Amino acid sequence: MAWNIKYYGEWKDFDGNSNRLEILTEKTVTAKEINVNSFVIDYPGIDLFGEQAVYGCGAKIGIMSESKLFYLGELYTIEPKGLQVRHYLNSSLNYIGYLDTEQYTDDFSQRINYNIELTSNNGFAVLDRIKMADEYNQVLTGVHRAVDVIKMALIKLSIDFNNIYIGLSTSLEGGLPSNETILHKLFVKSGNYIDEKGNVMSSREVINEILVPLSARMYIQGNDIFIVDINELANESLTLKSFSFESLLYGETIVINNSNDIDTRLGGYSLSMQPGVSKVAVKFNKYVYELPRDFEFNFDNKVSEITRTNEDEINFIEKEYTAQEGIVLSDSKLISLTDTSQADKIDYFIRSSGSTIPSYDPSIPFDVPVSFTVHTGIYPVSSKNHIKLGFKMMIEDLDNINKEYNVQALYYRINYRFRLGDKIFFNNSVANKSWETQTLVDEQGTPYSATSITHYPQYSIDINKYYDAHNYNTEGLFAKLNNDESANEQLTSIDGDDELLIEFIIPQPIQLFRGSGEYWGADKNLRIRVKDIQVTIMAEDEWGNLYGIDNTDDEYGGNIDANYINDLKIETKHGTDLEDNSRGGFIIKLSGSYTDSDFATNNRLVNLNSLIGGVHWNN
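Residues numbered from 1 in each chain as written. Predicted model: local features only at pLDDT ≥ 70, side-chain atom pairs only at ≥ 80, totals over all residues. Heavy atoms only, no water.

To continue, consider the overall build of the protein. When helices and strands are tallied, the protein shows seven helices and 51 strands. Relative to its full complement of 619 residues, the protein shows a buried share of 53%. Considering only contacts in the protein between residues 6 or more positions apart, those separated by 24 or more positions represent 72%. (Helix = DSSP H or I, 4+ residues; strand = E, 2+ residues; numbered from the N terminus. Buried < 20%, exposed > 50% of the residue type's maximum accessible area, 1.4 Å probe, protein only. Contact = heavy atoms within 4.5 Å.)

Encoded structure:
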């Protein structure tokens, strides 16, 4: 983004310093000199023990208007980043921000050469107006380092900052590399920044919610970003690590012991001192997944509409819809079915005609076409918890739509599997319940993947009737989020940075097995319906029983200074807990043993359990 000087003014202050003010635009303009009557930067006080982490500042600018409303058409706009302001002190950048163009005030009772006052902010106020997004302005998804998310938010300002100075005393057990900080080791799930109604947090809120639990404060001084925690700010010295804003590469470590130099690093910011505190209580997990989490797809864009009739001469209006976000359809369709005799009775479901695979072989080709895939939006990390799948299914007869009747047959089953990146959850006696990338080989040497299988009830099957999958397969609907139950893969848990996908593989032709090579349904027009897909996060008690996780806040407690008696309580929207229910928990990447597994040693993401140092938590 190229900025061009629209207006500029130069002057000497009472101390003899050279000052230059520039107002810039992205438009092609010819620079014009203006008379600057005043320029004052207003720095707020930094509250060491408050719940605000991001501290902006502003500037008041007085300029001379040559005639009535001379600047109205030039300096008023509804674009919050329309005009940039830069102030140089002795040729060094002292202030950079944006003109508050929506707050233009002009006392035009004086006709010529009168003073008007403008205000600007150093960008943090603009971040209140900009939704959090990735570097391509797309909705942020997946798992990211905290420092990368902070940078993604700051680049929305379109300001070429020089460096980020970080002074955080909080660390991990075992310490941190000299060229990193806790922000380089903490990871976050981006789903935390979208609330239950789909509203995306502002960029400033995101930064605030990352820094508040660490008792850190952010401010801008000159063209540099500073992130310093309350321990450092309250000390008589500052230890700061510098990182290039562009590359985030480490530069140097600076230790400042002189109080005047510390004041220089703070710029015009002052510290708002309160009575010291002895411990901090941080309450997390404001945004959690609904449990069980239901996946409701949008039935908005209609493709076609037909009428079907059954033997009772009841008409049904069938509508097909295009695939929506959250589901990928292969041999399947999104359908709504309305009973014309009961207009308010509408059934919404996914219909599959099936893929050409062996209908009753649990070992199917690894790369078999998937009937449809559900993108859950959940990014589980390695843990001792389980995910549970639930759904309803039906064998439907299109030539006798919604007319229930019974067939004597042994069973019918469909295949489904959990996927995380290139790993599939194998759940049979061959694979010993594990997440693996490898494919198994059958007796003919053909690669295949083991899937979970759900049976319809044996011996007597109702057609055109929904069955709850959980009633007929309690084992295959669960997947543990590590490989502790595997005989061969215990040392390798899940990576933790992939979205959970649920793949349904419907056998074709759709027929019911009656035994001795006999099948029913070859002369029927059969399809499979699936609806009410849901995922639940399950924890395991000391006896091995699974239970659903409650949607409760999780609280961490830690000490700051034992000499004080007052408590500091912080509530943050940045959710985290030991369970995988949180959408935006603090996460760390590590190798070796941790609380997520009894055996895993691979490099993986896990939920943060504790911090030490400046603000140290123990869950």
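If you trace the four strands from one edge of the open sheet to the other, you get β11-β14-β49-β50, paired in antiparallel fashion. Both outer strands of the open sheet, β11 (143-145) and β50 (604-607), are each paired with one neighbouring strand and no more. Sheet twist, expressed as the average angle between the axes of neighbouring strands with direction ignored, equals 40 degrees. Of the pairings in the sheet, the one linking strand β49 (residues 587-590) to β50 comprises four bridges and is antiparallel in character. (Pairing = 2+ DSSP bridges. Axes fitted to C-alpha atoms, helices over the stretch in contact; angles between N-to-C directions.)

So, on to helix α5 (residues 203-211). Within α5, eight of the nine residues are buried, which leaves the element mostly enclosed by the surrounding structure. Buried-residue contacts for α5 involve β6 (54-55), α2 (124-127), α3 (146-154), α4 (182-185), β15 (216-221) and β16 (224-229).

This paragraph deals with the side chain of threonine 25. Within the element layout of this structure, threonine 25 appears in strand β2 (residues 18-25). A relative accessible area of 5% means that threonine 25 is categorised as buried. Polar side-chain contacts of threonine 25 include one of 3.2 Å to the backbone nitrogen of lysine 27. Discounting residues that sit within four places of it in the chain, threonine 25 has contacts with Ala2, Trp3, Asn4, Lys6, Gly82 and Leu83. (Polar contact = N/O pair within 3.5 Å; in protein donor to acceptor, adjacent residues only side chain to side chain.)

Here we come to the nonpolar core. With 51 residues, the main nonpolar core has Leu154, Leu183, Ile210, Leu211, Met218 and Ile227 as its most contacted residues. No other element matches α3, which puts seven residues into this core. In this structure, isoleucine 227 is in contact with Ile150, Ile164, Tyr165, Ile166, Gly167, Leu168, Leu183, Leu211, Ala216, Arg217 and Met218, ignoring residues within four places of it in sequence. If you look at the next biggest cluster of nonpolar residues, it comprises 46 residues, including Phe391, Val407, Val535 and Ile537. (Core = buried A, V, L, I, M, F, W, Y, C linked by side-chain atoms within 4.5 Å.)

A negative phi angle characterises most non-glycine residues, just as the trans form characterises most peptide bonds. For asparagine 90, which is not glycine, the phi dihedral falls at a positive 55 degrees. Summarising the element assignment, asparagine 90 is placed in the loop between β8 (84-89) and β9 (92-99). A relative accessible area of 38% means that asparagine 90 is categorised as partly exposed. The phi torsion at serine 158 lies on the positive side, around 55 degrees, for a residue other than glycine. Mapping serine 158 onto the fold places it in the loop between α3 and β12 (163-167).

Adjacent strands of a sheet pair through backbone hydrogen bonds, lying either parallel or antiparallel. Taken together, six strands build an open sheet; the order of strands is β6-β15-β16-β12-β17-β18 and the sheet is mixed. Of all the strands in the sheet, the pair left with one neighbour each is β6 and β18 (250-256). Bridging between β15 and β16 involves six bridges; their strand directions are antiparallel. Looking at β16, one finds that methionine 218 is bridged to isoleucine 227.

Taken as a whole and assessed by the stated rule, the structure comprises 16 aromatic pairs. With centroids separated by 6.1 Å and ring planes inclined at 75 degrees, the aromatic side chains of phenylalanine 39 and tyrosine 95 adopt a geometry described as edge-to-face. Placement of the pair is phenylalanine 39 in strand β4 (residues 36-42) and tyrosine 95 in strand β9, with a sequence separation of 56 residues. Considered together, phenylalanine 39 and tyrosine 95 belong to a single accessibility category, that of buried residues. The interplanar angle of 85 degrees and the centroid separation of 5.0 Å between the aromatic rings of phenylalanine 391 and phenylalanine 504 together place this pair among those described as edge-to-face. (Phe/Tyr/Trp six-rings, centres within 6.5 Å; stacked < 30°, edge-to-face > 60°.)

Turning our eyes to something else, we now look at the packing of α3 against α5. For the pair α3 and α5, the least separation of the axes is 9 Å and the interaxial angle reads 155 degrees. By the criterion of interaxial angle, the relationship of α3 to α5 is roughly antiparallel. For α3 against α5, the interelement crossing comes out left-handed. On the side of α3, the interface is formed by Ala146, Val149, Ile150, Ala153 and Leu154, while α5 contributes Ser203, Val206, Ile207, Ile210 and Leu211. (Parallel < 35°, antiparallel > 145°, perpendicular 65-115°, else oblique. Left-handed = near helix turned anticlockwise from the far one by under 90°.)

Across three bridges, strand β24 (residues 327-329) lies against strand β29 (residues 372-375) in antiparallel orientation. Note on β29: the bridge partner recorded for leucine 329 is phenylalanine 372.

Another aspect to go through is the environment of isoleucine 350. Mapped onto the elements of the fold, isoleucine 350 is located in strand β26 (residues 346-352). For isoleucine 350, a relative accessible area of 3% translates into the label buried. In this structure the C-alpha to C-alpha distance between isoleucine 350 and phenylalanine 372, which are 22 residues apart in sequence, comes to 8.7 Å.

The next point concerns α3. With eight of nine residues buried, α3 lies mostly within the body of the structure. For α3, the complete set of buried residues consists of Ala146, Val147, Val149, Ile150, Lys151, Met152, Ala153 and Leu154.

Right, let's talk about the pattern of salt bridges for a bit. Inspection of the entire model under this criterion finds 22 salt bridges. Residue glutamate 10 is joined to arginine 20 by a salt bridge in which the shortest nitrogen-to-oxygen separation is 2.5 Å. A residue pair is termed long-range when its members are at least 10 positions apart, and glutamate 10 in strand β1 (residues 4-12) and arginine 20 in strand β2 qualify at 10 residues. A salt bridge links aspartate 598 to lysine 384; its shortest N-O distance comes to 2.7 Å. A residue pair is termed long-range when its members are at least 10 positions apart, and aspartate 598 in the loop between β49 and β50 and lysine 384 in the loop between β29 and β30 (386-397) qualify at 214 residues. Residue classification places lysine 384 among the partly exposed positions, given a relative accessible area of 35%. A single salt-bridge network, built from bridges that share partners, covers Arg308, Glu318, Asp347, Arg351, Glu396, Arg529 and Lys531. (Salt bridge = Lys/Arg side-chain N within 4 Å of Asp/Glu carboxyl O.)

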